[in-house]
Structure formats: structure tokens, C-alpha cells
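Structure assessment
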Amino acid sequence: MLPRAVKRNFSAASLDYLGARYVSAGPELCSYTTQPVRIPMRDGIKLAADFYAPELPAGKDPAGLILIQCCYGRGSGISFINARIYAARGFQALFVSTRGTHGSEGVFDPGSSERLDSQDIVVWIRQQSWYRGSFATLGASYLGYSQWALFRDPPEDCVAAVIPVAPHDQALHAWGTGSFRLDRATWSDTMSKREDEKGSFISRVANVPGLSFLRSPELEQVVASLPLEASLQKYFGDRAPWLFEYLAHPRIEDEYWNARRHLESLDRVKMPILLISGWYDTFTKQTLHQFRHLRKRGVNVNLIVGPWTHVQGSGLYSMPEILNFLAEHVAKNGRYQHPPARIWVTGADEWRSMSDWPPPAQLRPFYLQDQRGLGSVVPVQEAKPASFVFDPLNPTPSLGGNQMSSGGRVDDSALAGRSDVLAFTSEPLSEDLEVLGAPTVYLMHSTDPPFADLFLRLCEVDIHGVSHNVTELYQALEPSRDTSQLLILKLQDCAHRFQAGTRVRLLVAGGSFPMYARNLGTSDDRVRGQKTATQEHTITIAGGVSQLVLPEYQVA
């Protein structure tokens, strides 16, 4: 027999009220009940879930059903933003814990079981007396990844999806640059600890991915030690076996990743989708790819990109838009009132409504100059090359940007002062320059030895000489590359206005640690090797062959 549905108590109602005010959700329409349920899977295991039902007047139907799949628990904080806030506005919500987590049976193996388990959840939903024939999906980050897994075979009765800050491709995140994203170790540490090991409420909040303001000094020392894999094995023991599978499969085309890559979903979904991201989110590049791909197919897709990090982009600052989207496509009693793309332009600090992203733009070159300049004049043929040395034992540090934690817009002036970073800086701009789209860097570049990575960052230097990051790129270089050919490197999209009087800066470095595993400068595997060699990078300046090209948008 199923446990009884429990009415919301005064404490929960008070928390819901305060939380709704913080996220600008507007007034509640009703209270709700919560009922624990168990959902059977095809292999016999059962998933733990909570079913939220709005308490409505007799004869009034729920606004619709929302399905949420989550690996982070179903406690008060995460259930508020994913389920309770909607239940108090007339929606049913089914909040399911991922296999092997928080009361769900089975073994947690990130990304591997969601495709089949989500289909079995839908089968179970259709058998329930409270189901009214359609549902929507919702959830950020891993919860959004679970939606893309479901959409490998999209149910006909799924009528809408809200997917903030979420990847569809785990391989691309882990190894897409050619180097390993070390936030996979931090995330795995949090996910593999037993409930009784996760400490106080404050320490647990601090270790929510993207909100790690109390970071583990021990783990930071672990990832700094070599060999990386052996150091991680000593720290993790038998925890997080998936992390070592990640390390063992650096090629994203490897069969191991097939169950964790949902590119087919982008070709199959038909329902309206709301995508949300931030310019400093970990998965911005994937979200923008999702939007472009779905737009090209003619899918009804909307995009919001704010000045946000991963946690900020998870719905905390876009709740009114989410509720309007659900009102139009699920409840059928409202309208989403924005055009396809709603974009925050940093520097101008304003929202911009657009019919598409990116908009048409003119390409404006900035040539790398000797004396570390950046400008419109083509350098003479006698211009001397620029060089720097990257030392894996003293790697260039990660500051802000698209990190899972400690990311965002930051003062990164310290990077320009390092000997292992080249900073090419323009003269103060005589007029505003608005950049919408992906900057491209062309480099005539070589390294000795050939084993090396590149980290590129576009920055704005304000009138006080303080530098702030705009967008960036990390790329492991192919050792056998032909160094007589230009490197063409496309940075992540941005929307930024360089105000008159500010300066454009391009940073060039050989690493960004601990965001990415270091290139050791040898032919050894970067996760298993121990020997290191410094890497001298040389960039040809003469004749304007190396340049930064910005997509300049002409403001009407």
C-alpha cells in the first residue's frame, strides 16, 4: 500500500513563500500534498519519487504534469526550485531520484541509465489514475541531461521542456577540448560520498556543483599531484568508479561514451523547448549548439542567456519566463512573450530581444603587434615573434570564466602580469564596439616540444586599467600538426559592448589549472604520466598573419 499523501505544513509554506519572493515567481494559487511513490523499472529495481498534487477547488483540473529526474536528492531546497514552486501554482509534479541515489535502488553510473529509466518512468505515469494525457519535463544541469536522454525516443505525450544550463553530451564536456575537465573529479567527490559523510547543511550546500565556495583543500592537492590518475585513485579508493572510466576513454568517439551522448535527441525532439544559459556557465557552448540545431530544424525553441554562472542560470533568475512558458505550452492559459532569443549584453548591461542567435555581424580584425599591442594596422614583416614558456609544475591558474565553481566575470588582471601569459592589448577605443557571436583567433604558432595546449581569453580593460574576462577557449594541440599552417580557433560566443575608452585584450597561455588537466610537455598520457617538460610557445607577428577577429554588430 502506498503511503498517504501529506498536506504541506506551516514551515514548508513559509519557506515556499520566501523562496517564491526571491525568484519572483508571483503569488501562489493553492497549497499541495506530497506522496512518496516507488516506480518499477524493467530490470526490477524501483526508483524513489515524490508526487506533488495541487489542492484545487472541486471541478478544477491541474494546470498540467511536470516530470523532474534528479541525482541530487529530493530535500527541501532542491525540491522547492524543481517541484514545490510549481505545485503551489496548480501543477502536478513528479520528482524522481536517479537510479542509485537518494532512496532509488540500483547503482549510480552517471549518464548510463537515464535513457531507459526515463522511458520506464513515462510508462508508469501513463498507468496512473491522476494522469491526464500529457506532461512536460523540467530541470537544470544533470536534470536537464536526463531530459535529453529521454528525448532519444521522445514521448508523443511530452508537450514541452524547460532545460537550463544542461549538456546533451557528457563526452564533449569531459574531453571535448582534448584535455580532461577536472571539475569531473570535484563533482564525483560530492556524488560518491555517503549521506552520513556529507557533513553539515552548510558544507553540503557548499559542495553543490557550481556552488563550491568551501572547496576541499585536500582534493585540490590531489589533482595537483602527478601522476593524476594514481593520485585520484589513492584519494577515491573504491568510490566513483565512473571517474576512472572517464579517464580511461579520452576519445569522445569511443564506444564507452555512446550511452552518454544524446546528439540524436537534437534531431528527434518536436515539442516546444525553453533553453536557459549564462555567459559564464559550464555548458554554454552546448546550450547554444542545441538552440542553433533546433532552430535549423524548425522546432519551436526559445533561448535565454544571462550574465550568469552555472548555478545562477539554473532558473534562479528566470522563473517568470519559465512560468510563462509553461502557461502557454502546458497549462494553456498564458503566453510566453519573448522572441526566440533573449540575450544579456555585458558591458551595455541590458537585455536584447533577437529573432535568432547570433545576429548578422561584420568581421573586424585586430592584428597582434610586437610590443604586445593589438590594433588595426598590419605589422611590418620585420616584426619580432612573441613567445612564452609554460611550466606544468607551475601552471597558469584558472581565474573566473566558465568553471563549474569559482567562475564568472572576475578581475583577471593578474594573468597579464605572469611570465607564462602573453597579453596583447589595444589602444583605448574611440567609440563603442559591440561584439555579438564567436570571436576567432588566427595564430601562426609553434611549440617546443610539440606537446602543448592553448588557453585563449578575450578581455576588456577598463579606464582604470583593470581587466575582466569576456569569453575564452581551451584547446589541446595535436603534436603532429603542421606548424606552417595557421591555427584557427573559435572562442565561445559572447555578447559584449566594449565602451569607448576601454581596451580590447587577448590573453594567450599554455594552460588553465585546475580547470583542465595540464599538458605535461611529453609524449606521456597527461593523466598517467609523471615526467614533465616546459613548453616554449612562439607566435609569429610579422605581416599580420596572427590576428583576433571580432564579429562586430552595428547598433541601429
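Fair warning: this is a prediction, and the values are worked out from it, not measured in the lab. (Residues numbered from 1 in each chain as written. Predicted model: local features only at pLDDT ≥ 70, side-chain atom pairs only at ≥ 80, totals over all residues. Heavy atoms only, no water.)

1. With respect to helix α13 (residues 319-331)
Here is the rule we go by: A run of DSSP states H or I qualifies as a helix once it reaches four residues; a run of E qualifies as a strand once it reaches two. Both are numbered from the N-terminal end. Given the number of residues in a helix, its expected span is that number minus one, multiplied by 1.5 Å.
When the terminal C-alpha atoms of α13 are compared, their 16 Å separation across 13 residues is substantially less than the 18 Å that a helix rising 1.5 Å per residue should span. With its phi angle positive at about 65 degrees, Lys332 sits one or two positions after the end of α13.

2. Focus: the sheet that holds strand β14 (residues 386-390)
The pairing of strands in a sheet comes from backbone hydrogen bonds and takes either a parallel or an antiparallel form. Here is the rule we go by: At least two DSSP bridges between two strands are required for those strands to pair. Whenever a helix is involved, its axis is fitted only over the stretch in contact; in every case the axis is a line through C-alpha atoms, and angles between N-to-C directions fall within 0 to 180 degrees.
Judged by pairing direction, the sheet is antiparallel, and its 3 strands sit side by side in the order β14-β24-β18 without closing on themselves. Strands with a single pairing partner mark the edges of an open sheet, and in this sheet they are β14 and β18 (445-448). Neighbour to neighbour, the strand axes of the sheet diverge by 20 degrees on average, direction disregarded. With 4 bridges joining them, β18 and strand β24 (residues 535-539) adopt antiparallel strand pairing. Bridging from a neighbouring strand, Asp448 pairs with Glu536 of β24.

3. Remarks on the domain arrangement of the protein
By a frequent convention, interface size equals the accessible area lost on bringing the separate parts together. Spelled out, the test is: Just so you know, the domain bounds were taken from an automatic or database domain assignment. The criterion used for residue contact is that any of the two residues' heavy atoms lie within 4.5 Å. Accessible area that two parts lose when put together, evaluated with a 1.4 Å probe and summed over both, is termed the buried area. Counted as salt bridges are all cases of a side-chain nitrogen of Lys or Arg within 4 Å of a carboxyl oxygen of Asp or Glu. Polar contacts, as used here, are pairs of N or O atoms within 3.5 Å; protein pairs need one atom able to donate a hydrogen and one able to accept it. Residues neighboring in sequence count only if both atoms are side-chain atoms.
Each assigned domain of the protein is listed with its residue range as follows: domain 1 (6-180 + 250-354) and domain 2 (362-552). Placing a centre on the C-alpha atoms of domain 1 and another on those of domain 2 gives a separation of 36 Å. The interface is formed by 25 residues belonging to domain 1 together with 27 residues belonging to domain 2. Together, Thr177, Trp279 and Tyr280 form the three largest contributors to the area buried by domain 1 at its contact with domain 2, with a combined 30%. For the pair domain 1 and domain 2, the number of links is 3 salt bridges. Across the pair Glu434 and Arg352 runs a salt bridge, and its minimum N-O distance is 2.8 Å. At the surface where domain 1 touches domain 2, the tally comes to 15 residue pairs in polar contact (both at pLDDT 80 or more).

4. Let's talk about the side chain of Ser546
Here is the rule we go by: The rule is simple: take the accessible area with a 1.4 Å probe, protein chains only, and divide by the maximum for that residue type; under 20% is buried, over 50% is exposed, in between is partly exposed.
Inspection of the secondary structure puts Ser546 in the loop between β24 and β25 (547-552). Judged by its relative accessible area of 0%, Ser546 is buried. In this structure the side chain of Ser546 is engaged in a polar contact, spanning 2.7 Å, whose partner is the backbone oxygen of Thr540. Setting aside chain neighbours within four positions, we find Ser546 in contact with Tyr367, Leu368, Tyr442, Leu443, Met444, Ile539 and Thr540.

5. Description of the state of the cysteines
Put simply, the rule is: The disulfide criterion is simple: two cysteine sulfur atoms within 2.5 Å.
Counting across every chain of the model gives 0 disulfides. The structure places no disulfide on Cys70, whose sulfur is separated from the nearest cysteine sulfur, that of Cys71, by 5.7 Å. Take Cys70: its relative accessible area is 0%, and that puts it in the buried class. Of all cysteine sulfurs in the structure, the one in Cys70 sits closest to Cys158, which takes part in no disulfide; the separation is 18 Å.

6. Remarks on helix α6 (residues 183-192)
α6 sits mainly inside the fold: 9 of its 10 residues count as buried. Those residues of α6 lying buried are Asp183, Arg184, Ala185, Trp187, Ser188, Asp189, Thr190, Met191 and Ser192. Among the structural elements, α4 (142-150), α5 (170-175), α8 (217-224), α9 (228-236) and α10 (241-248) are those in contact with the buried residues of α6.

7. Brief notes about the sheet that holds strand β11 (residues 350-354)
Pairing is mixed across the open sheet formed by 11 strands, whose spatial order is β1-β2-β3-β5-β4-β6-β7-β8-β9-β10-β11. In the strand order of this sheet, the two ends are held by β1 (6-7) and β11, each with one partner. Pairing of strand β6 (residues 135-138) with strand β7 (residues 158-164) involves 4 bridges; the strand directions are parallel. Paired with Leu138 across the two strands is Val162, which belongs to β7.

8. Concerning the packing of α6 against α10
Going by this rule: Small angles under 35 degrees read as roughly parallel and large ones over 145 as roughly antiparallel, with 65 to 115 read as roughly perpendicular and the rest as oblique. Crossings are sorted by hand: turned counterclockwise from the far helix by less than a right angle, the near helix makes the crossing left-handed, and turned clockwise it makes it right-handed. By the convention adopted, Pro, Cys, Tyr, Trp, Phe, Met, Ile, Leu, Val and Ala count as nonpolar, Lys, Arg, Asp and Glu as charged, and the other residues, Gly among them, as polar.
The interhelical angle for the contact between α6 and α10, taken along N-to-C directions, is 160 degrees, at an axis separation of 9 Å. By the criterion of interaxial angle, the relationship of α6 to α10 is roughly antiparallel. Our pair here, α6 against α10, has a crossing hand that is right-handed. Between α6 and α10, the residues in contact are Arg184, Ala185, Trp187, Ser188, Met191 and Ser192 and Trp242, Leu243 and Tyr246, respectively. Here the residues of the contact of α6 with α10 sort into 6 nonpolar, 2 polar and 1 charged.

9. A few points about the packing of aromatic side chains
This is how it is decided: In summary, the pairing rule links any two rings of Phe, Tyr or Trp, Trp by its six-membered ring, whose centres are within 6.5 Å, and it sorts them by plane angle into stacked for under 30 degrees, edge-to-face for over 60 and tilted for everything else. Cation placement over rings: the criterion is NZ of Lys or CZ of Arg within 6 Å of the ring centroid and within 35° of the ring normal.
Tallying each qualifying case throughout the model produces 22 aromatic pairs. Here the aromatic rings of Tyr142 and Trp187 are separated by 5.9 Å at their centres, their planes lie at 20 degrees, and the arrangement is stacked. On the criterion of sequence distance, the pair formed by Tyr142 in helix α4 and Trp187 in helix α6 is long-range, its members being 45 residues apart. Residues Tyr142 and Trp187 agree in their burial class; the two are buried. On the basis of an interplanar angle of 85 degrees and a centroid distance of 5.2 Å, the ring pair of Tyr235 and Phe236 is categorised as edge-to-face. For the pair shown, Tyr235 and Phe236 are each scored as buried. Put simply, the rings of Phe108, Tyr142, Tyr145, Trp187 and Trp242 pair up and form one aromatic cluster. One residue, Arg260, lies across the ring of Tyr256, its end atom 4.2 Å from the ring centre.

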